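What follows is each chain in one-letter form.
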Amino acid sequence: FDRLLSDPLGLQCFLHFLETQHGEENIMFWKDAEEFKKVPASQLQQVATRIYEEYLNPSSPRCINIDDSVLKSVQANINNPTALLFAEAQKEIYQLMKLDCFPRFQKSQLIKDCLCAEMEGRSLPVQLSPLKHLPVKPGNVWGKKKPSLLSRIRGTHHK
C-alpha cells in the first residue's frame, strides 16, 4: 500500500477508483496532510485553516470520517498549529484506506482493465491528469526499468 501511495501513476489510479466509490476526499486529505508537514511555520495557520475547512469541517462536502476525539483535538489546536496537527487524523484515514479501500481496489474491475491495457500495450482506461493534490513528478520515478502496474499495485517491486 505504501508503494502505491508513493507512485504517481498508482496514486492517480487509486484516486480514480476512490472517485467511483465516492471516497476521493480520503486520499486528497492524506496527501494534503502529508504536504502540511513541510509547510513553513509562517504559513501553518493559513494552510491548517484551509485543510480544516476542506476536510474536517462537518459542513464541508469533502468532510472525512474520523473519530470525534481526533476531530476535537484538531479543533483545540487549530489556532496554534504545529506541523503534526493532522497526524492522528491522517493515521486514521491511512488505516481506512489500507484496510478497506485498498483491498477493494485490488479486486476492482478498474485494476483488471488497467492490467489488461498494460499487458496489451494500450493506454490505461483512466484519465490521468496532474491534480493540485496529487502532483506528478517529472521523470521516471523507478530508475531505468519501470515495473509493471501489477507489481506496483501489489507492492512486489523492489528498487
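Next up on the list: the overall build of the protein. Across its full length, the protein holds 8 helices and 0 strands. Per-residue burial for the protein yields a buried fraction of 43% across its 159 residues. Contacts in the protein between residues far apart in sequence, at least 24 positions, make up 66% of those at least 6 positions apart. Put simply, the protein shows about 9200 Å² of open surface, and 52% of that area lies on carbon and sulfur atoms.

With that settled, consider helix H4 (residues 44-56). Buried within H4 we find Leu-44, Val-47, Ala-48, Ile-51, Tyr-52, Glu-54, Tyr-55 and Leu-56. Buried positions along H4 lie against helix H3 (24-36) and helix H5 (68-77).

The next point concerns the pattern of salt bridges. One pass over the structure, following the stated rule, counts 8 salt bridges. Of the charged contacts in the structure, one is a salt bridge between Asp-68 and Lys-72, with a shortest N-O distance of 3.2 Å. Taken together, the positions of Asp-68 and Lys-72, both in helix H5 and 4 residues apart, correspond to about one turn of that helix. On the basis of relative accessible area, Asp-68 is assigned to the partly exposed category, the value being 44%. Here the salt bridges share partners, and the residues they tie into one network are Asp-32, Arg-50, Glu-54 and Arg-62.

Two elements in contact, helix H6 (residues 87-107) and helix H7 (residues 109-119), have axes separated by 5 Å at closest approach and are oriented at 50°. Between H6 and H7, the angle is such that the two are oblique. Contacts from Phe-105, Gln-106 and Lys-107 in H6 reach Gln-109, Leu-110, Ile-111 and Lys-112 in H7. Taken together, the residues of the contact of H6 with H7 sort by class into 3 nonpolar, 2 polar and 2 charged.

Take the side chain of Ser-60 next. Mapped onto the elements, Ser-60 comes out in the loop between H4 and H5. Since its relative accessible area comes to 12%, Ser-60 is described here as buried. Among the polar contacts listed, one links the side chain of Ser-60 to the backbone nitrogen of Arg-62, at a separation of 3.1 Å. Beyond its immediate stretch of four places on either side in the chain, Ser-60 contacts Glu-53, Glu-54 and Tyr-55.

Another point: the confidence of the model for the protein. Scored by pLDDT, the protein comes out at a mean of 80, with 79% of its residues at no less than 70. In this model, residues 155-159 is a region of pLDDT below 50 whose contacts with residues beyond four sequence positions or in other chains number 9 contacts.

Here we take up the environment of Gln-21. Tracing the sequence through the fold places Gln-21 in the loop between helix H2 (8-20) and H3. For the pair Gln-21 and Arg-104, spaced 83 residues apart in the sequence, the C-alpha separation amounts to 9.9 Å.

So, about the packing of aromatic side chains. Each aromatic ring pair is specified by the distance between its two centres and by the angle formed by the two planes. Counting across every chain of the model gives 10 aromatic pairs. Centroid distance Phe-102 to Phe-105: 6.4 Å. Interplanar angle 40°. Geometry classified as tilted. In this pair, Phe-102 and Phe-105 are both assigned in helix H6, 3 residues apart and thus about one turn of the helix distant. Of the two residues, Phe-102 and Phe-105, neither departs from the other in class, the shared state being buried.

How each quantity is defined
Residues numbered from 1 in each chain as written. Predicted model: local features only at pLDDT ≥ 70, side-chain atom pairs only at ≥ 80, totals over all residues. Heavy atoms only, no water. Helix = DSSP H or I, 4+ residues; strand = E, 2+ residues; numbered from the N terminus. Buried < 20%, exposed > 50% of the residue type's maximum accessible area, 1.4 Å probe, protein only. Contact = heavy atoms within 4.5 Å. Areas by Shrake-Rupley, 256 points an atom, 1.4 Å probe, with all protein chains shown as cover. Salt bridge = Lys/Arg side-chain N within 4 Å of Asp/Glu carboxyl O. Axes fitted to C-alpha atoms, helices over the stretch in contact; angles between N-to-C directions. Parallel < 35°, antiparallel > 145°, perpendicular 65-115°, else oblique. Nonpolar A, V, L, I, M, F, W, Y, C, P; charged D, E, K, R; others polar. Polar contact = N/O pair within 3.5 Å; in protein donor to acceptor, adjacent residues only side chain to side chain. pLDDT = per-residue confidence, 0-100. Phe/Tyr/Trp six-rings, centres within 6.5 Å; stacked < 30°, edge-to-face > 60°.

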